[in-house]
Amino acid sequence: MKLLGYWRSSATYRVRIALALKGLDYDYQPVNLLKGEQSGAEYLKKNPQALVPTLVTDAGEEISQSLAIIEFLQETFPSPSVLPKTPILRAKARAIAAAIACEAQPFANLRIQKYLTETLGVSDEAKAAFLNRWPGGALNAVEAMACETAGAFCVGDEPTIADAFLVPQIFASRRFNIDLSNCPTLLAIDERCQKLPAFIKAHPDNQPDAVKG
Ligand SMILES: N[C@@H](CCC(=O)N[C@@H](CS)C(=O)NCC(=O)O)C(=O)O
């Protein structure tokens, strides 16, 4: 398999975590978002949304959207599982993943940030308030969701798809100086995840295209 992504992309980071939790090998092909490579003609053929990540399967199929990619990996390589054992807990884990993917991450996306600054002329102060209100607010809701389901991880005592979405969102939140002081459960889970080899392997700083400093 081949993963097309970017070291600091939280959506790519989610897929790297799932691949690492499952112990799957893959080739990694960087797509430099700052150089606009996601909008290049070759990449658009693979991912018409001009977003990373894209997974290319061994059969040459291209899959976009991190949630779809991880569900594909789960169905194709069920063990070890990144889903909890019961239908209700699977639904809760997917709900946390979806809350992050749909209600938090999109607001901080590069193209949204560029549009706010370059087209609408929004100030840095207003952008900071926007990020705290929307991705930050969504994480506060995820904190309440996790309080109901967490053991050592977001849902129970094993890492699941929910943690694969949470950890990259915490990483991005820190990057954007989003206030996480109301999220003690999520921060404790993040700290626990950071000690696991799969999460260490998937961390942005450990990718070949990472820019240091
Ligand atoms: N819902 C998509 C989100 C993908 C996404 O937003 N990717 C970002 C990086 S995290 C991206 O490619 N941004 C490029 C841009 O904004 O131009 C997924 O889960 O895969």
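Residues numbered from 1 in each chain as written. Predicted model: local features only at pLDDT ≥ 70, side-chain atom pairs only at ≥ 80, totals over all residues.

S.K.: Looking at this structure, I do not really get the site of the ligand. What am I missing?
M.R.: In the vicinity of the ligand, 15 residues are found, and the nearest of them are Ser9, Leu51, Ser66, Leu110 and Arg111. Among the elements of the structure, α1 (10-21), α3 (66-76) and α5 (110-119) are those that each provide at least two residues to the shell around the ligand. Its residues assigned to classes, the shell around the ligand comprises eight nonpolar, six polar and one charged. Each of domain 1 (2-80) and domain 2 (87-199) gives at least three residues to the shell around the ligand. (Near = placed C-beta within 6 Å. Helix = DSSP H or I, 4+ residues; strand = E, 2+ residues; numbered from the N terminus. Nonpolar A, V, L, I, M, F, W, Y, C, P; charged D, E, K, R; others polar. Domains from an automatic or database assignment.)

S.K.: What is the right way to look at helix α9 (residues 184-194) in this model?
M.R.: Since the α-helix turns once every 3.6 residues, residues separated by three or four places project in the same direction. Taken residue by residue, α9 has Leu186, Ile189, Asp190 and Cys193 as its buried positions. Buried residues along α9 cover an arc of 105 degrees about the axis, so they all sit on one side. Exposed and oriented more than 90 degrees from the buried face of α9 are Pro184 and Glu191. (Buried ≥ 20, exposed ≤ 12 C-beta atoms within 10 Å, placed from the backbone. Arc of directions from axis to C-beta.)

S.K.: Explain the packing of helix α8 (residues 161-175) against α9 here, please?
M.R.: A pair of packed helices is characterised by two quantities: the angle between their axes and the separation of those axes. Running from N to C, α8 and α9 point in directions that differ by 100 degrees, and their axes come no closer than 10 Å. The angle between the axes of α8 and α9 places the two elements in the roughly perpendicular class. On the side of α8, the interface is formed by Asp163, Leu166, Val167 and Ile170, while α9 contributes Leu186, Ile189, Asp190 and Cys193. Within the contact of α8 with α9, the residues separate by chemical class into six nonpolar, no polar and two charged. (Axes fitted to C-alpha atoms, helices over the stretch in contact; angles between N-to-C directions. Parallel < 35°, antiparallel > 145°, perpendicular 65-115°, else oblique. Contact = placed C-beta atoms within 7 Å.)

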